[in-house]
Amino acid sequence: MKEPSVKDLKKYLQGMAKLPKAKYITSERLAHIIGIYPEVINENLSFFDPMIMMDYTFNLLELVPAIKKFIEDKENKRAPVPKPVVVKRNEVDLYESYFDFIYKKLTIGGMIDKSAELTDKDLKILKKLITEELANRKAKK
């Protein structure tokens, strides 16, 4: 049984809210309000109670707390999108060439540090420096 989409669930809750005094809302009654077939509503809401598929007289108001909790959990669960690493020109200009970058980042007193690790930002700076070096060599030919 697949999960219903949050968008659809919000639409169902909004439709149920249009009948504030109703004590009993069936899928057919909700279907007339929001314009979706009762079978589709039952299929989506069967995630919360599988008996909905067999009983068309099921009171959908009983599912409102479960639906609200599901929506809240889904919205809180969204992972923040990581920001891409951006390298600015002034950061690249700190180094004269790719060799200068390697000397400053990967050596200690002239000796190569094998345990040194580069961050994503360092790798992007190195990539830009190498690209510049290749462009300079191409221009000389």
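Refer to the structure above for everything that follows.
Please read all numbers here as calculations on a predicted model, not as lab measurements. (Residues numbered from 1 in each chain as written. Predicted model: local features only at pLDDT ≥ 70, side-chain atom pairs only at ≥ 80, totals over all residues. Heavy atoms only, no water.)

1. Some remarks on the overall build of the protein chain
Then comes step 1: Of the regular secondary structure elements, the protein chain holds seven helices and two strands.
Then comes step 2: The N-to-C order of helical and strand elements in the protein chain reads α-α-α-α-α-α-β-β-α.
Then comes step 3: Principal axes of the C-alpha set define a box for the protein chain whose edges measure 80 × 35 × 25 Å.
Then comes step 4: Across the 141 residues that make up the protein chain, the buried fraction comes to 28%.
Then comes step 5: Sequence-distant contacts, at least 24 apart, represent 56% of the contacts inside the protein chain between residues at least 6 apart. (Helix = DSSP H or I, 4+ residues; strand = E, 2+ residues; numbered from the N terminus. Buried < 20%, exposed > 50% of the residue type's maximum accessible area, 1.4 Å probe, protein only. Contact = heavy atoms within 4.5 Å.)

2. As for the nonpolar core
Then comes step 1: Membership of the largest hydrophobic core comes to 21 residues, with the highest contact counts inside it found for Tyr-12, Leu-30, Ile-41, Leu-45 and Leu-60.
Then comes step 2: Listing elements by their share of this core, those giving two or more residues are helix H1 (6-17), helix H2 (27-34), helix H3 (38-45) and helix H4 (64-77).
Then comes step 3: For this core, the element with the most residues is H1, which contributes five residues.
Then comes step 4: Among residues more than four places away in sequence, those in contact with Leu-45 are Leu-9, Tyr-12, Ile-52, Leu-60, Leu-63 and Ile-67.
Then comes step 5: Membership of the second largest hydrophobic core comes to seven residues, among which are Val-92, Phe-101, Leu-126 and Leu-129. (Core = buried A, V, L, I, M, F, W, Y, C linked by side-chain atoms within 4.5 Å.)

3. Looking at the environment of Lys-88
Then comes step 1: Take Lys-88: it is sitting in the loop between H4 and helix H5 (89-92).
Then comes step 2: On a C-alpha basis, the gap between Lys-88 and Ile-125 in space is 8.7 Å, while along the polypeptide they are 37 residues apart.

4. Things to note about helix H7 (residues 120-140)
The periodicity of an α-helix, 3.6 residues per turn, causes residues three or four places apart in sequence to face the same way.
Then comes step 1: The terminal C-alpha atoms of H7 lie 31 Å apart, and with 21 residues this matches the ideal 30 Å at 1.5 Å per residue to within 8%.
Then comes step 2: All buried positions along H7 are accounted for by Asp-122, Ile-125, Leu-126 and Leu-129. The buried residues of H7 occupy one face: seen down the axis, they fall within an arc of 100 degrees. The exposed set on the far side of H7, more than 90 degrees from its buried face, consists of Asp-120, Lys-127, Leu-134, Lys-138 and Ala-139.
Then comes step 3: Among the structural elements, H5 and helix H6 (98-106) are those in contact with the buried residues of H7. (Expected span 1.5 Å × (residues − 1). Arc of directions from axis to C-beta.)

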